Amino acid sequence: MFAAERRQLILEMVRANGAVSLRELARVVQTSEVTVRRDVRALEAEGLLDRRHGGAVLPGGFTRESGFPQKSHLATAEKTAIADLAANFVEEGEAIVVGAGTTTQELARRLARVPGLTVVTNSLLVAQALAHANRVEVVMTGGTLRGSNYALVGSGAEQSLQGLRVSRAFLSGSGLTAERGLSTSNMLSASVDRALVQAAAEVVVLADHTKLGTDTMFQTVPTDLITRLVTDEPPAHDDRAATELQALADQGVQIAVAGASGSPGGDTVPARPQQRRDVPLPSPRRGQVPGGTPSPLRAATVLGEQPPGKERPRVADMRRR
């Protein structure tokens, strides 16, 4: 394929999807990522697209959000690996919240096998993935349906989360930087994600390497509130992603990398641990709230407890190359 043909195909893919990773572009045009990167630079010089970390977007992509059909075809292998690893951090009998997104949808498919789990979500896709799980209880927020990502947003969703306490929140977003934390391109989605964060004792961010170093309009989770990042292993030439990971680790974020060093995942010990929020968890008996009224969150009374005989998965240290 000639360079002109290759660049035209790249431009058509970006126009159709809004954002495409370099890895996906290289696969479609059947060339190396190095060659694709040169093509993207040339197209950017002509003003036809904008480069972003690990990919390309339409001009003005800082404020543009791709819809679900486009996102579902981006970095699919990476999202699968991230979901596989993230599922290991969920214990039997926990109550958690899971935000909207294609990566969290992949996680939900794996959570269907965790017995005694209660999942609070504003995502129709997450709820659908868990709809037929026999021993998983799904609690949905209220709110107004946002069709582009099948999520419930607005004041109804935020109000339904008030007073909620769970052990962990699993969230995704449009970009992640050490400076601003997790961000998204939509104001309504950002507002609900912030409400989900307030309900959780720990925050786990799921983000593939193409989102590292990308900053979008609305901050959802500041870096000092992120407990753990679950991501995939960046390509060897991707110095920017490696630098961003180190910066996040230096701010106290635990980094779990799917497939690092040939293992299921890697974990960096934070260089400078940060002070975390101490969110009180319910203390009554399982399934009960004060006064004896049954609780809609059956597992909420054992949040954060380690089941007897079960250890949290061990992951290898990720070393900066």
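Above this note sits the structure.
Everything numeric in this text was worked out from a predicted model, so none of it was measured.

A.B. asks: For this particular structure, what's the right way to read helix H10 (residues 239–250)?
C.D. replies: Residues that lie three or four places apart on an α-helix share one face, since the helix turns once every 3.6 residues. Its twelve residues give H10 an end-to-end C-alpha distance of 16 Å, which sits within 8% of 16 Å, the value for a rise of 1.5 Å per residue. Regarding H10, the residues found buried are Ala241, Glu244, Leu245, Leu248 and Ala249. Burial along H10 is one-sided: seen end-on, the buried residues are contained in an arc of 135°.

A.B. asks: Can you help me understand the packing of aromatic side chains in this one?
C.D. replies: Two descriptors summarise a pair of aromatic rings, namely the distance from one centre to the other and the angle between the planes of the rings. Taken as a whole and judged by the stated rule, the model has zero aromatic pairs. A cation sits over an aromatic face here: Arg228 above Phe89, 4.2 Å from the ring centre.

A.B. asks: Could you clarify how one ought to interpret the sheet that holds strand E3 (residues 55–57) in this entry?
C.D. replies: Hydrogen bonds between backbone atoms are what pair the strands of a sheet, whose relative direction is either parallel or antiparallel. Read from one edge of the open sheet, three strands run E1-E3-E2, paired in antiparallel fashion. Sheet topology places strand E1 (19–21) and strand E2 (50–52) at the edges, where each strand pairs with a single neighbour. Put simply, the sheet's adjacent strands are angled 25° from each other on average, direction ignored. Sitting on the sheet, helix H2 (residues 22–29) is in contact with E1 and E3, with an inclination near 80° to E1.

A.B. asks: Help me out: how do you make sense of the packing of helix H5 (residues 76–86) against helix H6 (residues 102–111) in this one?
C.D. replies: The description of two packed helices rests on the angle between their axes and on the distance between the axes. It is at 8 Å that the axes of H5 and H6 come closest, and there the two elements cross at 50°. Classed by the angle they form, the pair H5 and H6 counts as oblique. Note that H5 runs across H6; the crossing there is right-handed. Taken together, the residues of H6 that come into contact with H5 (itself represented by Lys79, Thr80, Ile82, Ala83, Asp84 and Ala86) are Thr102, Thr103, Glu106, Leu107 and Arg110. Partitioned by chemical class, the residues of the contact of H5 with H6 number four nonpolar, three polar and four charged.

A.B. asks: Looking at this structure, how should I read the sheet that holds strand E10 (residues 175–177)?
C.D. replies: Spatial ordering of the open sheet is given by E10-E11-E13, a layout of three strands whose pairing is antiparallel. The sheet is open, and its two edges are formed by E10 and strand E13 (218–221), each paired on a single side. Averaged over all neighbouring strand pairs, the angle between strand axes comes to 40°, with direction disregarded. In terms of strand pairing, strand E11 (residues 181–184) meets E13 through three bridges, oriented antiparallel. Opposite Thr184, over in E13, you have Phe218 as the bridge partner. Across the sheet, helix H9 (residues 187–198) is in contact with E11 and E13; its angle to E13 comes to roughly 20°.

A.B. asks: How should I be thinking about a nonpolar patch on the surface in this particular structure?
C.D. replies: A cluster of nonpolar side chains, Leu124, Met140, Leu145 and Tyr150, forms an exposed patch at the surface whose accessible area comes to about 330 Å². One can find Met140 in strand E6 (residues 136–140). Here Met140 falls in the partly exposed class, since its relative accessible area comes to 35%.

About the thresholds
Residues numbered from 1 in each chain as written. Predicted model: local features only at pLDDT ≥ 70, side-chain atom pairs only at ≥ 80, totals over all residues. Heavy atoms only, no water. Helix = DSSP H or I, 4+ residues; strand = E, 2+ residues; numbered from the N terminus. Expected span 1.5 Å × (residues − 1). Buried < 20%, exposed > 50% of the residue type's maximum accessible area, 1.4 Å probe, protein only. Arc of directions from axis to C-beta. Phe/Tyr/Trp six-rings, centres within 6.5 Å; stacked < 30°, edge-to-face > 60°. Lys NZ or Arg CZ within 6 Å of the ring centre and 35° of its normal. Pairing = 2+ DSSP bridges. Axes fitted to C-alpha atoms, helices over the stretch in contact; angles between N-to-C directions. Contact = heavy atoms within 4.5 Å. Parallel < 35°, antiparallel > 145°, perpendicular 65-115°, else oblique. Left-handed = near helix turned anticlockwise from the far one by under 90°. Nonpolar A, V, L, I, M, F, W, Y, C, P; charged D, E, K, R; others polar. Patch = residues over 30% accessible without salt bridge, like charges linked within 9 Å, V, L, I, M, F, W, Y side chains within 5 Å. Areas by Shrake-Rupley, 256 points an atom, 1.4 Å probe, with all protein chains shown as cover. Salt bridge = Lys/Arg side-chain N within 4 Å of Asp/Glu carboxyl O.

By themselves, these are just geometric observations and shouldn't be taken as functional.
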